[in-house]
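Per-entry structural report
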Amino acid sequence: MVVAFDEMGSSGDSCRPGYEVLKRWLESTPPDLLTTRRAEAELLFRRIGITFNVYGDEAGEERLIPFDIIPRILTKKEWSVLARGLEQRVKALNAFLADIYSKGEILRAGLVPDDLIYRNPYYRPEMAGLKLAHDIYVMIAGIDIVRVDPDTFYVLEDNARTPSGVSYMLENREVMMRLFPDLFAEQRIAPVENYPDALLATLKSVAPRSASSDPTVALLTPGPYNSAFYEHSFLADKLGIELVEGRDLLVRDNVVYMRTTEGPKRVDVLYRRLDDDFLDPLTFRPDSALGVPGLMSAYRAGNITLSNAVGTGVADDKAVYSYMPEIVRFYLGEEPLLQNVPTWRCREPDALKYVLDHLPEMVVKEVAGSGGYGMLIGPTADKKTIAEFAAKLAANPDDFIAQPTLALSTSPTFVDSGVAPRHVDLRPFVLTGGDKVRIVPGGLTRVALKAGSLVVNSSQGGGTKDTWVLDA
Amino acid sequence: MRLRIVHEIVYAFDPPANGAIQTLRLTPRGHDGQFVVNWRIEVDHDCRLSSARDPFGNIVQSFNTDGKLDGLAITALGEVETHDMAGMVRGQSERFPVAVYLRDTQLTESDQGIRSFAAEIDAASPPDRLSTLHALMDGLHDAMEPGETEDDRAIAAFAARKGDARALAHVFIAAARHLGIPSRYASGYLFKPGSEEPDHSEHGWAEAFIEGVGWIGFDAACNICPTDAYVRLAIGLDRVGAAPVRGAAYGDWSAVPKVTIRISEAGTVKQP
């Protein structure tokens, strides 16, 4: 087993830059106090009400995502490298989407196979030729980052549909500031509380050109049965915008209105947390009762901005991900600042053969999967699981990609046995507006709470941490 | 042939709906072998029809009506001059790369049954694509019993070995796409001389693309490539994508309209 890089550098007296204050504090704080603080944190979360539902969990019981009270720290220098890379990556994602829904130059150039796009379930033919107000498809991106050594950050996944989790980032900070005001007083930590302002400014900046100077923004949710409903209502509240369901909206002469007590009010920008398939029963699934009939006609007429745009899922497909270095070079003429994890595309026969021969060392993922479902982690899987997965892989190679098992960095985490290293990832949120790109320093750190586990997804035993970017 | 078409779509809302919104792909386009002499759409309520092209090139009209309504009637009517092109679709601008027409949709997904059927036909027919597609049309016509089914997904229709023209088109498309042949769905009208009864749904068939030849229609239900008895309305990846009418009424989302389609040879039948 490879020894993972620990971000604090927990052995010996020294520690990595940025962790000095935290390390001293951890050493001087009795375990009892940590336990007390953790209980207080849990109480605060219950009062605030952040919970999530696990898909397929029959009881449908609301669970609290475990929160770790030890923050994860990045120095200003580390962050500025990351931030530049993130901005570049999302710029390329937007250029890629604008291209595949118009001329398809990258396909003609033979850099990305066209069947990977045109046969992709998330490609939406309905978007072809549709001119967006600012040519921005992905206003809100969540880019999952992992780290393997002091200098190497990899992008693990691009989330270009409706990335979630930002409410945890905000709540984690709020709780930490209440529990440990001294730690915040001792050093300058970049604020994240301005995220709602940044998001609202971004959304307003992409309003249709026909909108007034103060565009109306609303958040479209599938409703209370959705696993992320808490986040939808939380964000609507923080942004000071209406939280609406499909039935609260109507389309008249290709203009979208929301029903209010004072009559219909025009909506210019919809921050929609409803999947493409359900958006408009007159264009997509006819049986969707969650959407807005006629919404796509209004969209096509240029009277509403949807954020994110329809059809962005084709950019967060894991097979398309493997082409991101080429995509960055093609559209920006620059070398990618953030690296991809080396990826085998199982659709290619040579790659498939290699993967099948090395399954016990690899992580294999479904190209259209998310949330850590349907993946194989070779090193921790038993022989039977590996054999079953090999059969699945051989039957439908197009559906899978494979990556080496990375020794994800660890961060000190307060678990039952005390403070111990646990693997972490990071999901920064990149906001792209008509005016500029906004990235709140940090993001959501997810932590695999089980010793040795590499799965950070909340649905599979992951927790979260506050993420500190030191401002000095 | 000059065909006169009257296509009525009548909704009844009980209880009354609070406004309705409709998207129509109910206006045929002209191309070689199909000349639209005149065509109009009438709605029995005040509304403004806005017209646009969808990415497939179809003419799409949409409108909404406000206020309480207990019914809604849409009528499309006009005359179309047709010529037998042996199923060839020419003289129409194509907007998508053909690779798009290899996409699966829920209605045109194939399963092992359809794939084996397609592969057997492919193996037994001459190597050229045109022969394969004709053999596929023949084979499906023989294998499938005509009739209405609740579920017109390709998989369901093929499993039941039964379906109407539209379900058969889905099976044809699923099989052709499995063989790597770009295929799509066409909605439209079929003139059946001597038939007194009006139709209660539009007709549908498949179109397949052959490199160097172009798009050709295949109607497995009638085992024929479209002739001058066919009028082509819209295309899509499946029936839903090319549906002449998709609508919703506020308060009554799922009202199913009554459809009456009358097709006659212009000049030979007295108009009321």
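Residues numbered from 1 in each chain as written. Chains lettered and ligands numbered in written order. Predicted model: local features only at pLDDT ≥ 70, side-chain atom pairs only at ≥ 80, totals over all residues. Heavy atoms only, no water.

So, on to the interface of chain A and chain B. Listed per partner, the contact involves 30 residues of chain A and 24 residues of chain B. With both chains or domains summed, chain A and chain B bury close to 2100 Å², and 55% of this area falls on carbon and sulfur atoms. Applying the counting criterion to the chain A and chain B interface returns 2 salt bridges. Of the charged contacts, one joins Arg 252 of chain A and Asp 66 of chain B as a salt bridge, the two residues approaching to 3.1 Å between their closest N and O atoms. Connecting chain A to chain B are 11 residue pairs in polar contact (both at pLDDT 80 or more). Going through the elements one at a time, α5 (114-118), β6 (249-252) and α10 (295-300) of chain A are the ones with two or more residues in the side of chain A that touches chain B. A total of 4 residues in the side of chain A that touches chain B trace back to one element, the largest contributor, which is β6 of chain A. (Contact = heavy atoms within 4.5 Å. Buried area = accessible area lost by both parts, 1.4 Å probe. Salt bridge = Lys/Arg side-chain N within 4 Å of Asp/Glu carboxyl O. Polar contact = N/O pair within 3.5 Å; in protein donor to acceptor, adjacent residues only side chain to side chain. Helix = DSSP H or I, 4+ residues; strand = E, 2+ residues; numbered from the N terminus.)

A few words on empty space enclosed by the protein. All names here are of chain B. Applying the stated criterion across every chain yields a total of 5 cavities of 30 Å³ or more. Tallying contributions element by element places strand β11 (residues 230-236) first for the lining of the largest cavity, with 3 residues. Tallied by class, residues from the lining of the largest cavity come to 7 nonpolar, 8 polar and 4 charged. (1 Å grid on protein atoms, 1.4 Å probe; cavity = no way out; pocket = protein on both sides within 12 Å on 5 of 7 lines; lining within 4 Å. Points joined across faces, edges and corners; volume = space filled by probe spheres on them. Nonpolar A, V, L, I, M, F, W, Y, C, P; charged D, E, K, R; others polar.)

Let us now look at the sheet that holds strand β9 (residues 269-272) of chain A. Residues and elements named next belong to chain A. Strand order in the open sheet made by the 4 strands is β5-β4-β9-β10, with parallel pairing throughout. If you trace the sheet from one side to the other, it starts and ends with β5 (242-244) and β10 (305-307), each paired once. Looking at each pair of strands side by side, their axes are set apart by 30° on average, direction ignored. As paired elements, strand β4 (residues 217-220) and β5 share 3 bridges and run parallel to each other. If you follow Ala 218 over to β5, its bridge partner there is Glu 242. Contacting β4, β5 and β9, helix α9 (residues 229-239) runs over the sheet at an angle of about 150° to β5. (Pairing = 2+ DSSP bridges. Axes fitted to C-alpha atoms, helices over the stretch in contact; angles between N-to-C directions.)

Here we take up the side chain of Asn 120 of chain A. All names here are of chain A. If you trace the backbone, Asn 120 turns up in the loop between α5 and β2 (140-149). On the basis of relative accessibility, which here comes to 3%, the residue Asn 120 falls in the buried class. A polar contact of 3.4 Å, which involves the side chain of Asn 120, links it to the backbone oxygen of Leu 116. In terms of polar contacts, Asn 120 uses its side chain to reach the side chain of Asp 317, at 3.0 Å. (Buried < 20%, exposed > 50% of the residue type's maximum accessible area, 1.4 Å probe, protein only.)

For the rest of this paragraph, the subject is unusual backbone geometry. The phi torsion of most residues other than glycine is negative, and most of the peptide bonds are trans. In this structure, the amide linkage connecting Ser 307 of chain A to the following residue, Asn 308 of chain A, adopts the cis form with an omega of -5°. Tracing the backbone through its elements, the reader meets Asn 308 of chain A in the loop between β10 and α11 (318-321). Look at Ala 86 of chain B: it is not a glycine, yet its phi comes out positive at around 55°. Summarising the element assignment, Ala 86 of chain B is placed in the loop between β4 (59-82) and β5 (88-89). We note that Arg 161 of chain B has phi near 50°; this positive angle belongs to a residue other than glycine. Checked against the element boundaries, Arg 161 of chain B lands in the loop between α3 (154-160) and β7 (162-163).

Another aspect to go through is the nonpolar core. Membership of the largest hydrophobic core comes to 122 residues, with the highest contact counts inside it found for Ile 117, Tyr 123, Met 127, Leu 270 and Tyr 299 of chain A together with Leu 26 of chain B. Sorting elements by how many residues they give to this core places helix α3 (residues 76-100) of chain A first, with 11 residues. Residues within four places of Leu 270 of chain A in sequence aside, it is in contact with Ala 218, Leu 220, Val 244, Leu 249, Leu 295, Ile 304, Thr 305, Leu 306 and Ser 307 of chain A. (Core = buried A, V, L, I, M, F, W, Y, C linked by side-chain atoms within 4.5 Å.)

This part takes up the domain arrangement of chain A. Residue and element names in this part refer to chain A. Assigned domains of chain A: these are domain 1 (20-208 + 304-340 + 406-469) and domain 2 (344-404). Taking only C-alpha atoms into account, the centre of domain 1 sits 24 Å from that of domain 2. The interface is formed by 20 residues belonging to domain 1 together with 16 residues belonging to domain 2. When the two sides are added together, the surface that domain 1 and domain 2 hide from each other amounts to roughly 1500 Å², 47% of it contributed by carbon and sulfur. Across the contact surface, domain 1 and domain 2 share 1 salt bridge. Between Asp 115 and Arg 347 there is a salt bridge, with the nearest N and O atoms lying 3.0 Å from each other. Summed over the shared surface of domain 1 and domain 2, the result is 4 residue pairs in polar contact (both at pLDDT 80 or more). When contributions to the side of domain 1 that touches domain 2 are tallied by element, the ones reaching two or more residues are α5, β3 (152-159) and α11. Looking at the side of domain 1 that touches domain 2 element by element, the count peaks at 3 residues for α11. Considered class by class, the residues forming the side of domain 1 that touches domain 2 number 11 nonpolar, 4 polar and 5 charged. (Domains from an automatic or database assignment.)

What follows concerns helix α4 (residues 165-178) of chain B. All names here are of chain B. In this model, α4 (14 residues) spans 20 Å end to end at C-alpha, consistent with the 20 Å of a helix rising 1.5 Å per residue. A large share of α4 lies buried, amounting to 13 of its 14 residues. Note on α4: the residue one or two positions beyond its end, Gly 180, has a positive phi of about 85°. (Expected span 1.5 Å × (residues − 1).)

Here we take up the packing of helix α2 (residues 129-143) of chain B against α4 of chain B. Residue and element names in this part refer to chain B. Orientation of α2 relative to α4, taken along the N-to-C sense of each, is 140°, at an axis distance of 11 Å. Between α2 and α4, the angle is such that the two are oblique. Considering the relative orientation of α2 and α4, their crossing is right-handed. For the pair α2 and α4, the contacting residues are Leu 133, Leu 136, Met 137 and Leu 140 in the first and Leu 168, Val 171, Phe 172, Ala 175 and Ala 176 in the second. (Parallel < 35°, antiparallel > 145°, perpendicular 65-115°, else oblique. Left-handed = near helix turned anticlockwise from the far one by under 90°.)

The next subject is the packing of aromatic side chains. Evaluated as defined, the whole model comprises 21 aromatic pairs over all chains. Between Trp 39 of chain B and Tyr 189 of chain B, the ring centres sit 6.4 Å apart and the planes meet at 35°, which makes this aromatic pair tilted. Of the two residues, Trp 39 of chain B sits in strand β2 (residues 34-43) while Tyr 189 of chain B sits in strand β8 (residues 183-190), which places them 150 residues apart along the sequence. On the basis of relative accessible area, Trp 39 of chain B is assigned to the buried category, the value being 17%. According to the relative accessible area criterion, Tyr 189 of chain B is buried, its value standing at 2%. Consider the rings of Phe 209 of chain B and Trp 215 of chain B, whose centres lie 5.4 Å apart with planes at 55°: the pair is tilted. A residue is classified by how much of its surface remains accessible, and Phe 209 of chain B, at 17% relative accessible area, is buried. Relative accessible area serves as the criterion here: at 3%, Trp 215 of chain B is assigned to the buried category. In textbook terms, an aromatic cluster arises when at least three aromatic residues are bridged by ring pairs, as seen for Phe 56, Phe 96, Tyr 101, Phe 209 and Trp 215 of chain B. The ring centre of Tyr 122 of chain A lies 4.1 Å from the NZ or CZ of Arg 161 of chain A, which sits over that ring. (Phe/Tyr/Trp six-rings, centres within 6.5 Å; stacked < 30°, edge-to-face > 60°. Lys NZ or Arg CZ within 6 Å of the ring centre and 35° of its normal.)

Adjacent strands of a sheet pair through backbone hydrogen bonds, lying either parallel or antiparallel. Residue and element names in this part refer to chain A. Pairing within the open sheet is antiparallel, and its 4 strands lie in the order β12-β15-β13-β14. Because the sheet does not close on itself, it has two edges, and the strands there are β12 (344-345) and β14 (376-377). In this structure, strand β13 (residues 362-366) lies alongside β14, joined through 2 bridges in antiparallel fashion. Its bridge partner lying in β14, Val 364 is registered against Leu 376.

Let us look at the environment of Asp 164 of chain B. Residues and elements named next belong to chain B. With respect to the element layout, Asp 164 can be found in the loop between β7 and α4. Take Asp 164: its relative accessible area is 14%, and that puts it in the buried class. Distance in space between the C-alpha atoms of Asp 164 and Ser 201 is 10 Å, their sequence separation being 37 residues. Excluding residues that lie within four positions of it along the chain, Asp 164 makes contacts with Gly 147 and Glu 148. A polar contact of 2.9 Å, which involves the side chain of Asp 164, links it to the backbone nitrogen of Ala 167.

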